[in-house]
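Coordinate inspection notes
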Amino acid sequence: MKKIIVSGEGGQGVRVISLTLAQLLVNLGFEVSLLYDYDAAVRGGLSLAHLVYDKNPIDNPVIDEADILLKLSNKAEGLHAKTTVYQTGLGTEEGKALKLEDIPPTNEEIPFSELGTEIFGKELFGYMIALGRLMVLADVNAPESDIRAVLPKKYKEENLKAINFGQRLHEDEQKRLGEEKSGRRIKLSERGKQKKAS
């Protein structure tokens, strides 16, 4: 059984990321549970998605510790995961930003919003880059036609390209992107460096 939490603020794509992944998993034959927790505020309020999937029926969809936490904002506290993927700048310990070299080897820090804007022209595509990265870390392999089938109709081709970019984000890409812009912080987990989506 795999457990994933997507954490962010309203307007950051938490629902789109989690629903797209959930629909894809159902189409791949998995049992899926997707629960949302969010504030009443449309933009800027807390938004959480708890996604559990398995080949067998899910007895308990509650997540105490996730396998993967995708953290797009610092709104939610007390979330625990074996691997955390931070939006750049959110990796903190006791309220202080971690130095890149101090981020644990199981965790990642990637500037999803910045990459979405720079590479695809809109910040919102950064959330699809995050989905692609999440798919690699969660070992979700699907043909392009299956991914295309679950994407929102608006910006379908751009979203597909952004997901593919996130799936290909590995050590070589990390070095290239880091060198393009001084001061950019990108750090992949040791496990993530080894997983190069085909």
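So, here is what we can say about the structure in this document. Just so you know, these numbers come straight off a predicted model, no measurement behind them.

What follows deals with the pairing of strand β4 (residues 66-71). For a regular strand, side-chain orientation follows a simple rule: the groups alternate between the two sheet faces. In terms of burial, β4 is largely enclosed, as 6 of its 6 residues are buried. By the bridge criterion, 4 bridges tie strand β1 (residues 2-9) to β4 in an arrangement that is parallel. The residue of β4 that forms the bridge with V6 is L70. Two strands pair when backbone bridges link them, and β4 and strand β5 (residues 81-87) are joined in this way by 5 bridges, in the parallel orientation. Its bridge partner being in β5, L70 is matched across the sheet by V85.

Before going further, it helps to spend a moment on the packing of aromatic side chains. Per the counting criterion, the structure on display carries 4 aromatic pairs. With 6.1 Å between their ring centres and 85° between their planes, F120 and F165 make a pair best called edge-to-face. Within this pair, whereas F120 is found in helix α2 (residues 112-120), its partner F165 is found in helix α5 (residues 156-167), the two being separated by 45 residues in sequence. Classification of F120 by relative accessible area gives partly exposed; the value is 21%.

The backbone of D139 shows a phi angle near 60°, a positive value even though the residue is not glycine. Looking at the element boundaries, D139 is found in the loop between α3 (125-137) and α4 (144-150). Here D139 falls in the partly exposed class, since its relative accessible area comes to 40%. Look at Y155: it is not a glycine, yet its phi comes out positive at around 60°. Classification of Y155 as partly exposed rests on a relative accessible area of 27%.

The biggest cluster of nonpolar side chains holds 38 residues, and the ones touching the most others in it are I4, I17, L21 and L70. Mapped by element, the contributors of at least two residues to this core are β1, α1 (14-27), β3 (46-54), β4, α2, α3, α4 and α5. Broken down by element, this core gets its largest block of residues, 9 residues, from α3. When neighbours within four sequence positions are excluded, L21 is seen to be in contact with I4, L51, L131, L134, M135 and V140. Counting residues in hydrophobic clusters, the runner-up holds 9 residues, among them I5, L48, V52 and A81.

Rules used throughout
Throughout this document, residue positions are counted from 1 along each chain, in the order its sequence is written. Local features in this predicted model are restricted to residues whose pLDDT is 70 or higher, and side-chain atom pairs enter the listing and the counts only when it is 80 or higher, whereas totals over whole chains, interfaces and linings include all residues. Note: side-chain values were computed over all heavy atoms of the structure, leaving out hydrogens and water. Exposure classes here rest on a 1.4 Å probe applied to the protein chains alone. A residue is buried below 20% of its type maximum, exposed above 50%, and partly exposed in between. Helix and strand labels come from DSSP, where a helix needs a run of H or I of at least four residues and a strand needs a run of E of at least two; each type is numbered from the N terminus. For two strands to pair, DSSP has to find at least two bridges joining them. Between the rings of Phe, Tyr and Trp (Trp by its six-membered ring), a pair exists once the centres lie within 6.5 Å; its type follows the angle of the planes, with under 30 degrees stacked, over 60 edge-to-face, and the other angles tilted. By nonpolar core is meant a set of buried Ala, Val, Leu, Ile, Met, Phe, Trp, Tyr and Cys residues that side-chain atoms within 4.5 Å join together. Throughout, a residue-residue contact means that at least one pair of heavy atoms, one from each residue, lies within 4.5 Å.

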